[in-house]
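# Close look at the chain arrangement
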Amino acid sequence: MKSGRGVPGGDGLNRSVLETVVSGSRKRTSHAHVVDQLGKAIISGEFPVGSILPGDPELAARFKVSRTVLREAMKTLAAKGLVVPRARIGTRVTPRNDWNLFDNDILTWHFECGVDEEFLYHLSEVRLAFEPHAAALAARNASEAEISRMMRLAVAMGEEGHSAESLAGADLKFHLAVAEASGNPFMRTVGGLIEAALVGVFKLSSPVAEKGGIDEVARNHIRIVEEIGRRDEVGARLAMENVIKIGRERVHSALHSRS
């Protein structure tokens, strides 16, 4: 995407959700390490909602960092909506409704700590709210070059030799290309949610493991581009809805087969 979403920043945060989950890589700087560890501790419930985090001396000793690094880490967590400092009380973990679920790090921490069907279902609902409309806008606004690129990406999803990881990456590139082709800059901001939903499918059940699964995935995505190429906004919307609902059903089946 033109905005460079998912590219690591100077502090090592905001890595791609897919990149982090697939590679299992960890943050490198002291600041990023503290943010990463405390963020996961909050998401996992080690520090539950409403609780007060340990004081600076205890946390500085736990992470072997200076108080300056610790204070900067707290500012980062506060900006993500996870904590709020209280004078003479300490740093309190905020209610879940205050957490910025559009934040890539928070999404990554959820997946690293373990997500349930309800969380993944909510992700799919957000996708259904945004992506079909993005596809309809692409049918209206996409250039011929953008349509050609989307078709190449859709066809590439059907290539032989895909692993679960490479297919998830190809899927992500396609959906981000549709968001880009919509011509609406706000659509690009939901890229992290799209990515998180695809990570959920990747971790639970990949079409790679199903007979003919990759071919079906490619066909369904090619259909989206065909509708966009015909400038059929309704058709593009329905084709995108179909892809998202199939992914949701795959996750539902995988979770219930495990249980």
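Residues numbered from 1 in each chain as written. Predicted model: local features only at pLDDT ≥ 70, side-chain atom pairs only at ≥ 80, totals over all residues. Heavy atoms only, no water.

### Comments concerning the pattern of salt bridges
- Considering all chains together, one arrives at 11 salt bridges under this definition.
- Close ionic contact of Glu46 with Arg62 constitutes a salt bridge, the shortest N to O distance being 3.2 Å. With Glu46 in the loop between α2 (30-44) and α3 (56-63) and Arg62 in helix α3, the pair connects residues that are 16 residues apart, well separated along the chain.
- Overall, the relative accessible area of 45% leaves Glu46 in the partly exposed class.
- The exposure class of Arg62 is partly exposed, given its relative accessible area of 41%.
- With a closest N to O distance of 2.9 Å, Lys80 and Asp105 form a salt bridge. Of this pair, Lys80 sits in the loop between α4 (67-79) and β1 (83-86) while Asp105 sits in helix α5 (residues 104-113), placing them 25 residues apart in sequence. With respect to burial, Lys80 and Asp105 carry one shared label: buried.
- One continuous salt-bridge network, built from bridges that share partners, spans Asp36, Lys40 and Glu112. (Salt bridge = Lys/Arg side-chain N within 4 Å of Asp/Glu carboxyl O. Helix = DSSP H or I, 4+ residues; strand = E, 2+ residues; numbered from the N terminus. Buried < 20%, exposed > 50% of the residue type's maximum accessible area, 1.4 Å probe, protein only.)

### A look at the nonpolar core
- In this structure, Ala142, Met150, Met157, Phe174, Ile224 and Ile228 are the most contacted members of the largest nonpolar core, which totals 26 residues.
- Contributing elements (two or more residues each) for this core: α6 (117-141), α7 (144-156), α8 (164-181), α11 (213-229) and α12 (233-258).
- Setting aside chain neighbours within four positions, we find Ile224 in contact with Phe174, Ala239, Met240 and Val243.
- Ranked by size, the runner-up nonpolar core spans 22 residues in total, among them Val35, Leu70, Leu82 and Trp109. (Core = buried A, V, L, I, M, F, W, Y, C linked by side-chain atoms within 4.5 Å. Contact = heavy atoms within 4.5 Å.)

### Structural notes on α11
- Compared with the 24 Å implied by 1.5 Å per residue over 17 residues, the 25 Å span of α11 between its first and last C-alpha is a close match.
- Three or more residues of α11 are buried, namely Gly213, Ile214, Val217, Ala218, Asn220, His221, Ile224, Val225, Glu227 and Ile228.
- Immediately downstream of α11, the backbone of Arg231 shows phi near 60°, a positive value. (Expected span 1.5 Å × (residues − 1).)

### Quick look at α8
- The terminal C-alpha atoms of α8, which comprises 18 residues, lie 26 Å apart, in line with the 26 Å expected from a rise of 1.5 Å per residue.
- Of all 18 residues that make up α8, 14 are buried, and the element is covered over most of its length.
- Of the residues trailing α8, Gly183 is marked for its positive phi of about 80°.

### Regarding the pairing of strand β2 (residues 90-93)
- Pairing analysis gives 4 bridges linking β1 to β2, with the strands arranged antiparallel. Across the sheet, the residue bridging to Val83 is Val93, located in β2. (Pairing = 2+ DSSP bridges.)

### Looking at the layout of surface pockets
- Approximately 450 Å³ is the volume attributed to the largest pocket.
- In this structure, the largest pocket is lined by 32 residues; those nearest its centre are Arg127, Val201, Gly247, Arg248 and Arg250.
- Looking at the lining of the largest pocket, the elements that each hand over two or more residues are α6, α8, α10 (191-204), α11 and α12.
- The element best represented in the lining of the largest pocket is α12, accounting for 9 residues.
- Residues that form the lining of the largest pocket fall into these classes: 17 nonpolar, 8 polar and 7 charged. (1 Å grid on protein atoms, 1.4 Å probe; cavity = no way out; pocket = protein on both sides within 12 Å on 5 of 7 lines; lining within 4 Å. Points joined across faces, edges and corners; volume = space filled by probe spheres on them. Nonpolar A, V, L, I, M, F, W, Y, C, P; charged D, E, K, R; others polar.)

### Remarks on the environment of Arg237
- By the element assignment, Arg237 lies in helix α12.
- Every residue in contact with Arg237, bar those within four places of it in the chain, is listed here: Pro132, His133, Ala135 and Ala136.

### Brief notes about the environment of Arg250
- Relative to the elements of secondary structure, Arg250 occurs in helix α12.
- Judged by its relative accessible area of 13%, Arg250 falls in the buried class.
- Put simply, Arg250 and Val201 are 49 residues apart on the chain and 7.4 Å apart in space, counted from C-alpha to C-alpha.

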